[in-house]
Amino acid sequence: MRELIRVDELVKWFPVRAGVLSSMFGGKERFIRAVDGVSFDVADGEIFGLAGESGCGKTTLGRLLLRLIEPTSGKVMFEGKDLFQIDGKAMKALRRKMQIIFQDPYESLNPRKMVFDIVAEPIELNEAASDEAEKEKMVLEALGAVHLTPLPEIMYRFPHELSGGQRQRVGVARAVVLRPKFIVADEPVSMLDVSIRTEMLNLMLELRERLGLTYVFITHDLAVSKYMCDRIAVMYVGKIVEIGSTERLIDRPIHPYTKALLAAVPVPDPEIKVGEIPIKGEVTSPVDLPLGCRFQKRCMYAKEICMKEEPELRKVDDKYVACHLA
Amino acid sequence: MPPLLEVRDLTMHFGTLEGEVNAVDNVSFQLNKGESIGFAGESGCGKTSLGLTILKLLPSNAKILGGSVAFDGIDLLKKGEEEMRQQIRWKRIAMVFQGSMNAFCPVHKIGDQISEAIMLHQDISREQANNRVREVLSLVGIDPSRANNYPHEFSGGMRQRAMIAMALVCNPDFVIADEPTTALDVIVQAQILKLLAGLREKLDLSFMLISHDISTIAEICEKTAVMYAGKIVEFADTLTLFKDPRHPYAKGLLSAFPSISGAKKRLSSIPGFPPDLLSPPGGCRFHPRCPIAKDVCSREEPKMRDLGGNHRAACHAIS
């Protein structure tokens, strides 16, 4: 498959606000290493999952992919163009091709705007329609694509008149109205109830086929990523520790963190119980990272080398794993 | 042995400006000592309201319209507010509220906040209370010396453990846990579920787990009740309910859940959305969304049918 996105050694550090005293007396500036050297590529038409616990940097990474924030260093190539090198005009043209679906359908729709205006906003910002009639046609198409009914009446409703599932559909319609190639879906279903959640997941799969979309799908829920993704990257405190095809990663995890994550997922089957979870302690702070592997303190198998050298992502069988012991 | 908790035909409505909200409607179930029961259902199905009604921790616009709640032979609905507070709440029945791990007061030490709960309910000295705090903290896997920490020094998982410790501090027989793992990461969630299951065994505790996530119920509950629009639609041993669900809503709920294990199969969703409890649909409340609804379903409310082996479901299609 053709490559759509290539991420190369991407880094985003956020400065930690230091107190007046420590900055007066030459305290060292500290950083939250939200994304700390991440490389991968996403093929055209693929659903690429980013999994990991809260604070692992998956949302920050998603925002970098769309250049919603600037990186500390590193590259994101989109269709061969470096997102952080091209000028404003070229970036604006590219933005039509990349969109985002947010986590919370209650917070991410402007309560004062009608559905029509919410979905039409990207068209206006990008001057994508030549006249009002075309704009309306595009909005209607997008709302039809996400199966929002009743059309056209629903265009004139406000978000508070809609259910949670309908709101998230509006969010998806807004994301697809410009016919983008690429969508970052940041926990798009974690706020939704079970039955609506399934509808949304199936809708996103359907839209990939119909509109030829590529997704980066961010979720903390591995059962959802298994359902949605072709490949999954597991992140731990700013770094990818393992990438592989969904089946292989879930059936044969290699990195000790991936193993622990998978072992902890409860199964909706009373005959399958969660066993011992092979992990110690609590999530490592992204501010004061230890020398060597950032997972060492939680790892059941850590050896001397893990305290000294940071493991690089390397190919093991058909996956990429960042572990000295793999 | 009589059941520890027997809820019969419990009905509770909220009075609002727009009308009556049928939050809990004719709910009946039993729980034996040492048993755990899970209440599954989507938001707004009345599962939290049910928990609050059992403890009578209701806002002033709530009305308990009928039924009974017998706990260890005591009719809780006949108890006055003062008696509930002095005899029942926390001493016999405790609750871990939804999101309560964020309910610790940030300017008081964790240990002091837990000992406050004991001092309010038991006539003991501060020293005894502090000893008890250390006991319950180690019971939930927190080093007792951390009693002197403030909430911000605890991680989310530790705060949730501390909340569970607070629920256990007066040695209750029964704990209601409302979405105790919802905001937690998966590894911490697994640890908390293990903790609950372990405590149950160690202390012969009974508990009620309220959760929208059926996999957490499958993990630690012996019995499961599925609620829809204020009613229990199906009740059974957890294994039976997951292997042989009979109510179309319970079936729908189970097949809507992605699983990490097994082959990938297409998930099916339940069309439509739950009804407005201000004016729930007549007949069976699920009929507008039901794939097998017949005429009778919109006219008559289905009765709870006994399917044998403590398995019950309320659906006209079950003969």
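In case you missed it, the structure is sitting above this.
Since the model is a prediction, treat every value here as computed from it, not as a measurement. (Residues numbered from 1 in each chain as written. Chains lettered and ligands numbered in written order. Predicted model: local features only at pLDDT ≥ 70, side-chain atom pairs only at ≥ 80, totals over all residues.)

Visitor: Where do I start with the overall build of chain A in this structure?
Guide: Helix and strand content of chain A: eleven helices and twelve strands. In terms of C-alpha radius of gyration, chain A reaches 21 Å, essentially the compact-globule figure of 20 Å for 326 residues. Expressed as a percentage of the 326 residues in chain A, the buried residues total 45%. When contacts within chain A are restricted to residue pairs at least 6 apart in sequence, long-range pairs at least 24 apart make up 65% of them. (Helix = DSSP H or I, 4+ residues; strand = E, 2+ residues; numbered from the N terminus. Rg over C-alpha atoms; globule rule 2.2 N^0.38 Å. Buried ≥ 20, exposed ≤ 12 C-beta atoms within 10 Å, placed from the backbone. Contact = placed C-beta atoms within 7 Å.)

Visitor: Even after reading the chapter, I still don't get the overall build of chain B, so can you show me in this structure?
Guide: In terms of regular secondary structure, chain B is built from ten helices and twelve strands. Taking 319 residues into account, the globule formula puts the C-alpha radius of gyration at 20 Å, and chain B, at 20 Å, falls close to it. By principal-axis analysis of the C-alpha atoms, chain B measures approximately 65 × 50 × 45 Å. Going through the 319 residues of chain B one by one, you find that 48% of them count as buried. For chain B, contacts bridging at least 24 residues in sequence account for 63% of all contacts bridging at least 6.

Visitor: Looking at this structure, I do not really get the nonpolar core. What am I missing?
Guide: In globular proteins that are soluble, nonpolar side chains generally tend to be buried together. Judged by nonpolar contacts, the single largest core of 188 residues is most densely connected at Val119, Ala173 and Val234 of chain A together with Ala165 and Val233 of chain B. Once you skip the residues sitting within four places of it in the chain, Ala165 of chain B turns out to touch Ile114, Val136, Leu137, Leu139 and Val140 of chain B. (Core = buried A, V, L, I, M, F, W, Y, C linked by C-beta atoms within 7 Å.)

Visitor: Got a minute to help me understand the sheet that holds strand E8 (residues 206-211) of chain B in this structure?
Guide: Within a beta sheet, neighbouring strands are joined by backbone hydrogen bonds and run either parallel or antiparallel to one another. Residue and element names in this part refer to chain B. The strand order across the open sheet built from eight strands is E6-E7-E8-E3-E9-E10-E12-E11, with neighbouring strands paired in mixed fashion. In this open sheet, the two strands that pair with only one neighbour each are strand E6 (93-96) and strand E11 (305-306). Pairing between strand E9 (residues 223-228) and strand E10 (residues 231-237): six bridges, direction antiparallel. Bridging from a neighbouring strand, Lys223 pairs with Asp237 of E10. Of the strands in this sheet, E6 and strand E7 (174-178) are in contact with helix H5 (residues 156-168), which crosses E6 at around 165°. (Pairing = 2+ DSSP bridges. Axes fitted to C-alpha atoms, helices over the stretch in contact; angles between N-to-C directions.)

Visitor: Please clarify how the sheet that holds strand E10 (residues 239-245) of chain A should be interpreted in this entry.
Guide: Residue and element names in this part refer to chain A. Read from one edge to the other, the open sheet built from eight strands follows the order E6-E7-E8-E3-E9-E10-E12-E11, with strand pairing classed as mixed. One side of each edge strand has no neighbouring strand; the edge strands of this open sheet are strand E6 (98-101) and strand E11 (314-316). Averaged over all neighbouring strand pairs, the angle between strand axes comes to 20°, with direction disregarded. As paired strands, E6 and strand E7 (residues 182-186) are joined by four bridges and run parallel to one another. Across the sheet, the residue bridging to Ile100 is Val184, located in E7. Helix-sheet contacts for helix H10 (residues 256-264) involve strand E9 (231-236) and E10, and the interaxial angle to E9 is about 105°.

Fair warning: the whole summary comes from geometry, so function is off the table for now.
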